[in-house]
Amino acid sequence: MKIVIINGPNLNFLGIREPDIYGTQTLEDIETNIQKYAETQEVSCTFFQSNSEGEIIDRIQQAYQEKVDGIVINPAAYTHYSYAIHDAVKAVSIPTIEVHLSAIHARESFRKESVIAPACMGQISGFGETGYLLAIQALKENLS
Ligand code: DQA
């Protein structure tokens, strides 16, 4: 099984950015741990991070060309307003799981709404790095 892990804006600043909320691990640390877990599950992972909406959309469309089996996406702040990312997820029809490091439903009211979740199989929020591992597990169990 082939999946792509997409992280949105400011997630390249993990480790620096609000560590009380997002923890002290860098994105590289998290990707290393995801990679290790994926290997135990015989899942092949590709990683992508961008601070730009268009690049995220291009990467989702590329996943279609690559015949990727699943997408795990943390759209970061785009979660709350990017209809374009919602449309891209719908357009490619690839099973997608939305992940958030923090518990978005327990934070500011603008974070409670995801405009992307309705295009996804499910959403995992509030478990830090573990959320990505749970998403891989969920894709594996629901696709095989
Ligand atoms: C986030 C939550 C978003 O509200 C925020 O804008 C982020 C990170 C998370 O992983 O908890 O950048 O997606």
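Whatever comes next refers back to the structure up there.
Residues numbered from 1 in each chain as written. Predicted model: local features only at pLDDT ≥ 70, side-chain atom pairs only at ≥ 80, totals over all residues. Heavy atoms only, no water.

A.B. asks: Looking at this structure, how should I read the site of the ligand?
C.D. replies: As a matter of local geometry, the ligand sits amid Arg-17, Tyr-22, Asn-74, Ala-76, Ala-77, His-80, His-100, Leu-101, Ser-102, Ile-104 and Arg-111. Within the side chain of His-80, a nitrogen or oxygen atom sits 2.7 Å from an oxygen atom of the ligand. Within the contact set of the ligand, an oxygen atom lies 2.8 Å away from a backbone nitrogen or oxygen of Leu-101. Bound to the protein, the ligand loses 98% of the 320 Å² it would expose on its own. Considered class by class, the residues forming the shell around the ligand number five nonpolar, four polar and two charged. (Near = heavy atom within 4 Å. Polar contact = N/O pair within 3.5 Å; in protein donor to acceptor, adjacent residues only side chain to side chain. Areas by Shrake-Rupley, 256 points an atom, 1.4 Å probe, with all protein chains shown as cover. Nonpolar A, V, L, I, M, F, W, Y, C, P; charged D, E, K, R; others polar.)

A.B. asks: What am I meant to see in the pairing of strand 4 (residues 96-100) here?
C.D. replies: Residues in a regular strand point their side chains to alternate faces of the sheet. The buried fraction of strand 4 is high, at five of five residues. Here strand 4 shows a buried face lined by Thr-96, Glu-98 and His-100 and a second buried face lined by Ile-97 and Val-99. In this sheet, strand 4 lies alongside strand 3 (residues 70-74) in parallel orientation, the contact comprising three bridges. Pairing of Val-72 across the sheet is with Ile-97, part of strand 4. What joins strand 3 to strand 4 is helix 4 (residues 83-92), and the crossover it makes is right-handed. (Buried < 20%, exposed > 50% of the residue type's maximum accessible area, 1.4 Å probe, protein only. Helix = DSSP H or I, 4+ residues; strand = E, 2+ residues; numbered from the N terminus. Pairing = 2+ DSSP bridges. Right-handed = clockwise from strand over helix to strand, strands pointing away.)

A.B. asks: In this structure, what is going on with the environment of Thr-130? I would like to understand it.
C.D. replies: Examined against the element boundaries, Thr-130 turns out to sit in helix 5 (residues 130-143). With relative accessibility at 38%, the residue Thr-130 sits in the partly exposed group. Separated by 61 residues in the primary sequence, Thr-130 and Asp-69 have C-alpha atoms spaced 21 Å apart.

A.B. asks: Where do I start with the sheet that holds strand 3 in this structure?
C.D. replies: Two pairing modes exist for strands in a sheet, parallel and antiparallel, and in both the strands are linked by backbone hydrogen bonds. As summarised here, the arrangement of the five strands in space is 2-1-3-4-5, forming an open sheet in which the pairing is parallel. Of all strands in the sheet, those bounded by a partner on one side alone are strand 2 (44-49) and strand 5 (122-125). For this sheet the average axis-to-axis angle between neighbouring strands, irrespective of direction, equals 20°. Across four bridges, the pairing between strand 4 and strand 5 is parallel. In the strand pairing of strand 5, Glu-98 is matched with Gln-123. Sheet strands touched by helix 3 (residues 53-65): strand 1 (2-7), strand 2 and strand 3. Its angle to strand 1, the strand with the most contacts, is close to 175°. (Axes fitted to C-alpha atoms, helices over the stretch in contact; angles between N-to-C directions. Contact = heavy atoms within 4.5 Å.)

A.B. asks: Help me understand unusual backbone geometry, please; the structure alone is not making it clear to me.
C.D. replies: Glycine aside, negative phi is the norm for most residues, and most peptide bonds take the trans geometry. Phi angles above zero are rare outside glycine, and Glu-18 is one such case at about 30°. Tracing the sequence through the fold places Glu-18 in the loop between strand 1 and helix 1 (19-22). Judged by relative accessible area, which is 39%, Glu-18 ranks as partly exposed. Even without being glycine, Ser-93 reaches a positive phi, approximately 50°. The class of Ser-93 is exposed, set by a relative accessible area of 61%.

A.B. asks: How should the pattern of salt bridges be read in this particular structure?
C.D. replies: Side chains that carry opposite charge are capable of pairing whenever their charged atoms lie near each other. Within this structure, the stated rule accounts for three salt bridges. Between Glu-108 and Arg-107 there is a salt bridge; the shortest N-O distance is 3.7 Å. Judged by its relative accessible area of 17%, Arg-107 is buried. Linking Arg-111 and Glu-108 is a salt bridge whose minimum nitrogen-to-oxygen distance equals 2.7 Å. Residue class for Arg-111 comes out buried when judged on its relative accessible area of 14%. (Salt bridge = Lys/Arg side-chain N within 4 Å of Asp/Glu carboxyl O.)

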